[in-house]
Amino acid sequence: MVMPALSEASAARDSSPQETEYRPAEPIDVTRAVAFQQRGAHDPAQISAAGVIWRVSRTPQGVATLAMRVQRQRVQAAAWGPGAGWVLDQLPGLCGGRDDPDGFDPSAHPLVAAAHHRFPALRLGRTDLVFDALASAVFEQKVTGLQAFGAWRWILTRFGERAPGPTPRAMFAPPADWQRIPSWSWHRAGVEPPQSRTVTAAARRRSSLERAVTAMTGDADAIDRLLTSLPGVGAWTSAEARIRAFGDPDAVSVGDYHLAHEVGFALTGHRVDDDEMVELLAPWAGHRQRVIRLLGLSGVHEPRRGARLHPEDHRSR
């Protein structure tokens, strides 16, 4: 894989990468599957530069940097750091290659059918990193995306671990010890106390949580019950974590500020509430997240007439 040229100093600092090539058995939209994992335009853990997607993860084997060049029928990948082997083994899942659309019938609604016809290669990627998926979802509870992404960037750049390898700019893996982040740092990042308490409480149980989820692999309902048993984790946060970590094709983020309105408008032409959204999505049980993604790509969106969620900054209180 041809990576950007390194200076002599950085070449001496960074060890040679492990490399692999992934060739999906059928066409899949790798770029869109991986881009879904990026937390805003300035995510310190994932960026795109000069045609290469760079991603930094804290894997079970340690921190790893993954560089991916997506081509028409293959993905060239290189990885640095102690977790390099792990991220290369997980590459097909990240790219959407483990997502199985069998049984999905888009014909129940013409807009879904049309979107599926336009985007037949849409797949749901997965990171298999449950705690980091959970933490990022907690950051996004009850705030705007702009606030959440800014807080994520602030915490990772100060408490995360510097990415190994020749990244195009400074990148950072999520922290190893979330529970050791002092309260004033959460405050400066703009994370409200309920969210910081949720992350730190979950971090204290991280090892047992990850072991339990591993034992439940493939049982989305069991994982949902486990996640929602954690203080501060509700249905929305659990769904978001399962979508990011496992590419759950049926997860629905009930309680989202905009989602029910968008789904309702796309499918009926008017707003609906959460209960009505769940009813509308019922014909696609098992693939409801897939339908939500397709509706997002359909180009049909509710006109912005009402009030937007107004950013609130608790730091001045």
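A quick note: this is a predicted structure, and the numbers were derived from the prediction, not measured.

Below, the discussion takes up the overall build of the protein chain. Of the regular secondary structure elements, the protein chain holds 15 helices and 7 strands. Taken over the C-alpha atoms alone, the protein chain extends approximately 60 × 50 × 40 Å along its principal axes. Burial status across the protein chain gives 49% buried among its 317 residues. In the protein chain, the proportion of contacts linking residues at least 24 apart, taken out of those at least 6 apart, comes to 66%. Carbon and sulfur atoms make up 51% of the accessible area of the protein chain, which totals about 15300 Å². With 37 positive and 35 negative side-chain charges, the protein chain shows a spacing of 6 Å between the two charge centroids.

A separate point is unusual backbone geometry. The backbone phi angle of Asp128 is positive, close to 60°, even though this residue is not glycine. Relative to the helices and strands, Asp128 is located in the loop between helix 5 (110-118) and helix 6 (130-139). Of note in the backbone geometry, Lys142 takes a positive phi value of approximately 60° without being a glycine. Mapped onto the secondary structure, Lys142 falls in the loop between helix 6 and helix 7 (145-159).

With that settled, consider the side chain of Arg39. Mapped onto the secondary structure, Arg39 falls in the loop between helix 2 (30-35) and strand 2 (46-49). Within the structure, the side chain of Arg39 is placed 3.1 Å from the backbone oxygen of Phe36, a separation counted as a polar contact. Once residues within four sequence positions are removed from consideration, Arg39 is found in contact with Ser136, Glu140, Phe149, Trp152 and Arg244.

Pairing is antiparallel across the open sheet formed by 5 strands, whose spatial order is 1-5-4-3-2. Looking at strand neighbours, the two that pair on one side only are strand 1 (18-22) and strand 2, the edges of this open sheet. Put simply, the sheet's adjacent strands are angled 20° from each other on average, direction ignored. Across 4 bridges, the pairing between strand 2 and strand 3 (residues 52-59) is antiparallel. Pairing of Gln46 across the sheet is with Arg55, part of strand 3.

Before going further, it helps to examine the nonpolar core. Grouped together as the largest cluster of nonpolar side chains are 32 residues, with contacts concentrated most on Phe139 and Trp178. Listed by contribution, the elements that provide at least two residues to this core are helix 6, helix 7, helix 8 (183-189), helix 9 (193-204), helix 10 (206-215), helix 11 (220-228) and helix 12 (235-246). The biggest single contributor to this core is helix 6, with 7 residues. Setting aside chain neighbours within four positions, we find Phe139 in contact with Ala148, Ala151, Trp152, Ile155, Trp178, Trp186, Val191 and Val199.

Further remarks concern the pairing of strand 3. Of all 8 residues in strand 3, 8 are buried, a share of seventy percent or more. The side-chain alternation of strand 3 yields two buried faces, one formed by Val52, Trp54, Val56 and Arg58 and the other by Ile53, Arg55, Ser57 and Thr59. Linkage of strand 2 to strand 3, two consecutive antiparallel strands, is achieved through a turn of 2 residues, within which Ala50 is found at a positive phi near 50°. Relative to strand 4 (residues 62-70), strand 3 runs antiparallel, the two being bridged by 7 bridges. When the bridges of strand 4 are listed, Ile53 appears paired with Met68. Hairpin connection of strand 3 to strand 4: 2 residues between the antiparallel strands.

Criteria and cut-off values
- Residues numbered from 1 in each chain as written.
- Predicted model: local features only at pLDDT ≥ 70, side-chain atom pairs only at ≥ 80, totals over all residues.
- Heavy atoms only, no water.
- Helix = DSSP H or I, 4+ residues; strand = E, 2+ residues; numbered from the N terminus.
- Buried < 20%, exposed > 50% of the residue type's maximum accessible area, 1.4 Å probe, protein only.
- Contact = heavy atoms within 4.5 Å.
- Areas by Shrake-Rupley, 256 points an atom, 1.4 Å probe, with all protein chains shown as cover.
- Lys, Arg positive; Asp, Glu negative; His and termini not counted.
- Charge placed at Lys NZ, Arg CZ, Asp CG, Glu CD.
- Polar contact = N/O pair within 3.5 Å; in protein donor to acceptor, adjacent residues only side chain to side chain.
- Pairing = 2+ DSSP bridges.
- Axes fitted to C-alpha atoms, helices over the stretch in contact; angles between N-to-C directions.
- Core = buried A, V, L, I, M, F, W, Y, C linked by side-chain atoms within 4.5 Å.

Limitation: the analysis is restricted to geometry and does not speak to function.
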